[in-house]
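# Descriptive analysis of the structure
So you can see what is in the structure, the chains are spelled out below.
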Amino acid sequence: FTLSDTATGVSLRELVPGYPAERAGLRGGDRLLEIAGQPIRVEADYDLVAVRFQRGEPVPVIVDRAGQQILLTLVPGIPVSWANLLFDLLVALAYLALGLVAVAQAGRDLRARLLYLYSIAVAAELLLPSEPVNALAIGLWSAVGFYLLSGLQMGAEVHLAALVPERAQWLKTRPWVVPVFYALGGVVATSTALALIVEAQGGKLPWTSSQAEFLLLDLGLPVWAATLALLLGERFLHHPRREGRQQAGLVLLGLLPWMGVVFFLAVRLLFGWPSVAVPQALWTLVLLAFPVAVFVAIFRYQLFDIELVIRKSLLYGALTTSLVLLFYAALGAGGALFARSFE
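As a starting point, this report considers the structure included with it. (Residues numbered from 1 in each chain as written. Predicted model: local features only at pLDDT ≥ 70, side-chain atom pairs only at ≥ 80, totals over all residues. Heavy atoms only, no water.)

## Re a nonpolar patch on the surface
- Together, Leu86, Leu89, Leu93, Leu96, Leu100, Val103, Tyr116, Ile120 and Leu127 make up an exposed nonpolar region whose accessible area comes to about 760 Å².
- Of all the secondary-structure elements, those providing two or more residues to the nonpolar patch are helix H3 (82-103) and helix H4 (110-126).
- For the nonpolar patch, the element with the highest residue contribution is H3, accounting for six residues.
- Here Leu100 falls in the exposed class, since its relative accessible area comes to 61%. (Patch = residues over 30% accessible without salt bridge, like charges linked within 9 Å, V, L, I, M, F, W, Y side chains within 5 Å. Areas by Shrake-Rupley, 256 points an atom, 1.4 Å probe, with all protein chains shown as cover. Salt bridge = Lys/Arg side-chain N within 4 Å of Asp/Glu carboxyl O. Helix = DSSP H or I, 4+ residues; strand = E, 2+ residues; numbered from the N terminus. Buried < 20%, exposed > 50% of the residue type's maximum accessible area, 1.4 Å probe, protein only.)

Written as structure tokens, this is what we have:
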């Protein structure tokens, strides 16, 4: 589940179906009062208690639900999802492959350097451990890495979008805009990571990690997606060259699945509708569309000049075949996973 600090305490925002919290009877909107005999006043209190959880050992939880105190028993631990792990690995490999193609041009093309940087950051994020594994340091530094990588991705991807198919005229006359891309993502991401580290040590900052995470993810993600849509959409509609419009259109097409999920969550937040837990497999699946689209843009519409990199048709055919097989393998794996979650 996810938590949020409120004026009255720590509340549950959303629960993953079938996971221990839901099985224990917890609900979205419940306010945590006590876990394993320890009072929960801020989100960091929960982290300090949760590090002592053991798989299969019951934990008493007291929550406030509509003014009534309820005692529940939570049993930590879920089966390892080997399918999800394999799926994440396949998508991470796709981004690593994209980075390797881009790095060969990194010395001559700024777009290739940005694509390399972004691809490696996404691959690293996908390979971060997502569970504490009974060690606070692992869970803490995994979360810190996730936030910092997210800030880096925001700046690099927006910068890249502004250079597809080439540097826009408005950017040439306003070079200060590029540092702003990185500063916004970097400051919010660093603030979130710093608050998380301080709270894990029992300290406090003028802002909480929940507040910073709200800016980074709940507000930052839709702003990030909207900025990419505007930059690439304008190039797709108004670029003077047909090839340039095709390049921008393909990159935009690869981002649309991710944008759709982000905007769906943003609309629910905007209208105050109950939040929903997006399956991790869905996030991974929508991320796969971007490297596939960029590969097509590279090879079909010469997004980068890689003639010196890919000379032999055998290598081109092997890479294309691998991508097609990877894409459909991901679709099959995604279908199998979602069949268990959706009617």
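What follows continues from the structure just given.
## Focus: unusual backbone geometry
- Going from Val164 to Pro165, the amide bond is cis rather than trans, its omega being 0°.
- Its place among the elements puts Pro165 in the loop between helix H5 (136-161) and helix H6 (169-173).
- Backbone geometry places Ala36, a non-glycine residue, at a positive phi of 55°.
- Turning to its location among the elements, Ala36 is positioned in the loop between strand E3 (31-35) and strand E4 (38-39).
- Accessibility expressed as a relative area gives 39% for Ala36, which makes it partly exposed.
- One non-glycine residue, Ala66, lies in the positive phi region at around 55°.
- Tracing the backbone shows Ala66 in the loop between strand E5 (59-65) and strand E6 (68-74).
- Ala66 gets classed as exposed once you look at its relative accessible area, which sits at 84%.

## Focus on the packing of helix H7 (residues 177-200) against helix H8 (residues 209-238)
- Put simply, H7 and H8 touch, their axes get as near as 8 Å, and they point 160° apart. In terms of orientation, H7 lies roughly antiparallel with respect to H8. As H7 packs across H8, the resulting crossing turns out to be left-handed. On H8, the residues that touch Val188, Ala189, Ser191, Thr192, Ala195, Leu196 and Glu199 of H7 are Ser209, Ala212, Glu213, Leu215 and Leu216.
- The residue inventory of the contact of H7 with H8, partitioned by class, reads seven nonpolar, three polar and two charged. (Axes fitted to C-alpha atoms, helices over the stretch in contact; angles between N-to-C directions. Parallel < 35°, antiparallel > 145°, perpendicular 65-115°, else oblique. Left-handed = near helix turned anticlockwise from the far one by under 90°. Contact = heavy atoms within 4.5 Å. Nonpolar A, V, L, I, M, F, W, Y, C, P; charged D, E, K, R; others polar.)

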